[in-house]
Amino acid sequence: MALLETLPEHIPLAPGVDLLFLPEPRLKRALLQLDFDLPLDAGCAARSLLAQLLEQGTAAHPTRMHLAQRQEELYGATARVGGLRAAEKHRMRLQAGWVGERFLPEGEGVAVQVLELARELLEQPRRGADGAAFDAEVFQRERAQLARHIRSFVDDRAGYAQQRFYEAMCAGEPFARAPWGTAEEVEAL
């Protein structure tokens, strides 16, 4: 038995840009996921922190509470930014999900509004005073939180063991790096 009853349609949009499209009528939610594959290098720490900062608010929705309220107004839609390891790449991901229109009240549609919210996360983040890239207090808090998270990773036995395995088996290779960087790299930002 095939894992998927339908196979994704592959549409090459441009060199290095592929669209995988899988319509599946059994599911109630639509999902759009944009993956940006970048080197698994010292920039991972900055990108991991950036993902956390982008989720703190936008110009139109300046706090996490405002973002959550907007997502609830859109029938529980989601718009997220994150980062993870994908082989020897650091994958930054923008993900948006929403309820399929056939499950909404007559005449309602949320897809365009959810995509606009996801675009806001990337293009119109909450700025700091005097046009600073980010609010200084939020930056300090999120940087400290990420460094704490990295340092506490030793308490996650399975995750820590897996990361140590990668470091030992792939020493000197990009794959040995943790996708979130080191606490020292984060604190140096």
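Structure's up top.
Computed from a predicted structure; not experimentally measured. Within every chain, residues take consecutive numbers counted from 1 along the sequence as written. Residue-level local features of this predicted model are given only where pLDDT is at least 70; pairs of side-chain atoms are given and counted only at 80 or more, and the full residue set underlies all totals for whole chains, interfaces and linings. Heavy atoms from the whole structure form the basis of all side-chain values; hydrogens and water molecules are not counted.

*Asks:* I'd like a description of the overall build of the protein, backed by residues and values.
*Replies:* A tally of regular secondary structure across the protein gives six helices and five strands. Helices (α) and strands (β) of the protein occur, in sequence order from the N terminus, as β-β-β-α-α-β-β-α-α-α-α. Along the first, second and third principal axes, the C-alpha set of the protein runs to 55 × 55 × 35 Å. Contacts are assigned to residue pairs that have any heavy atoms within 4.5 Å of one another. Residue pairs at least 24 apart in sequence account for 64% of intrachain contacts in the protein once pairs closer than 6 positions are excluded. Summed over its atoms, the accessible surface of the protein is roughly 12,000 Å², and 57% of this surface lies on carbon and sulfur atoms. Each helix is a run of H or I in the DSSP string that is no shorter than four residues. Each strand is a run of E no shorter than two, and both are numbered from the N terminus. We get accessible surface area from the Shrake-Rupley algorithm with a probe of 1.4 Å; when it comes to residues, only the shown protein chains can shield them.

*Asks:* If you had to explain the packing of helix H2 (residues 64–73) against helix H3 (residues 111–123) to someone new, which residues and values would you point to?
*Replies:* Axes here refer to lines fitted to C-alpha atoms; in helices the fit is confined to the stretch in contact. Angles between the N-to-C directions go from 0 to 180 degrees. At a closest axis distance of 10 Å, the pairing of H2 and H3 adopts a crossing angle of 160°. Here H2 is positioned roughly antiparallel relative to H3, judged by the angle of their axes. For H2 against H3, the interelement crossing comes out left-handed. Contacts from Leu67, Arg70 and Gln71 in H2 reach Gln113, Leu117 and Leu121 in H3. Angular relationships are summarised with four words: roughly parallel below 35 degrees, roughly antiparallel beyond 145, roughly perpendicular across 65 to 115, and oblique for the angles in between. A clockwise turn of the near helix away from the far one marks a right-handed crossing, whereas an anticlockwise turn of less than a right angle marks a left-handed crossing.

*Asks:* Explain the packing of aromatic side chains residue by residue, including any values.
*Replies:* Aromatic contacts are taken between Phe, Tyr and Trp rings whose centres are within 6.5 Å, Trp giving its six-membered ring; a plane angle under 30 degrees counts as stacked, one over 60 as edge-to-face, and the others as tilted. Summed over the entire model, instances satisfying the criterion amount to three aromatic pairs. Their ring planes at 65° and their centres at 4.6 Å tell us that Tyr166 and Phe175 sit as a pair that is edge-to-face. A 1.4 Å probe rolled over the protein chains alone gives each residue an accessible area, and that area as a share of the maximum for its type sets the label: buried under 20%, exposed over 50%, partly exposed in between. Classification of Phe175 as buried rests on a relative accessible area of 18%. An aromatic cluster of three or more residues is present, and its members are Phe165, Tyr166 and Phe175. Comment: the charge-over-ring label is applied if NZ (Lys) or CZ (Arg) is within 6 Å of the ring centre and within 35 degrees of the ring normal. Its end group placed over the ring of Phe175, Arg85 keeps NZ or CZ at 4.9 Å from the ring centre.

*Asks:* Outline the side chain of His90, supporting the account with residue identities and numerical values.
*Replies:* Inspection of the secondary structure puts His90 in strand E5 (residues 89–99). For the purposes of these results, a polar contact is taken to be a pair of N or O atoms within 3.5 Å, where, inside protein, one atom must be able to donate a hydrogen and its partner to accept one; residues adjacent in sequence count only when each atom of the pair is a side-chain atom. At 2.9 Å, the side chain of His90 forms a polar contact with the side chain of Arg47. At a separation of 2.9 Å, a polar atom in the side chain of His90 contacts the main-chain carbonyl oxygen of Pro179. Every residue in contact with His90, bar those within four places of it in the chain, is listed here: Phe36, Asp37, Leu38, Pro39, Leu40, Cys44, Arg47, Ser48, Gly83, Leu84 and Pro179.

*Asks:* I'd like to hear about unusual backbone geometry, residue by residue, with values.
*Replies:* What you tend to see is this: most non-glycine residues have negative phi, and most peptide bonds are trans. One non-glycine residue, Tyr75, lies in the positive phi region at around 55°. A positive phi angle is found at Asp130, which is not glycine, with a value near 55°. Residue class for Asp130 comes out exposed when judged on its relative accessible area of 87%.

*Asks:* Can you break down the pattern of salt bridges residue by residue, with the values?
*Replies:* One side-chain nitrogen of Lys or Arg within 4 Å of one carboxyl oxygen of Asp or Glu is enough to make a salt bridge. A complete count under the given rule lists 12 salt bridges for this structure. Its salt-bridge partner being Asp37, residue Arg91 comes within 2.7 Å of it at the nearest N-O pair. In this pair, Arg91 sits in strand E5 while Asp37 sits in strand E3 (residues 29–39), placing the two residues 54 residues apart along the sequence. The class of Asp37 is partly exposed, set by a relative accessible area of 39%. Because the salt bridges share partners, they merge into one network encompassing Asp35, Asp37, Arg91 and Arg93.

*Asks:* Give a detailed account of the environment of Leu122, specifying residues and quantitative values.
*Replies:* Structurally, the position occupied by Leu122 is in helix H3. In this structure the C-alpha to C-alpha distance between Leu122 and Ala51, which are 71 residues apart in sequence, comes to 9.4 Å. Aside from chain neighbours lying at most four places away, what touches Leu122 is Leu54 and Leu94.

*Asks:* Describe the side chain of Glu120, listing the residues and the values that go with them.
*Replies:* For Glu120, the position within the fold is in helix H3. His is not counted here, nor are the chain ends, while Lys and Arg score as positive and Asp and Glu score as negative. Of the side chains with opposite charge, Arg119 comes closest to the buried, unpaired Glu120, at an N-O distance of 5.6 Å. Looking at Glu120, its side chain comes within polar contact range of the side chain of Thr58, at 3.0 Å. Setting aside chain neighbours within four positions, we find Glu120 in contact with Thr58, Ala60, His61 and Pro125.

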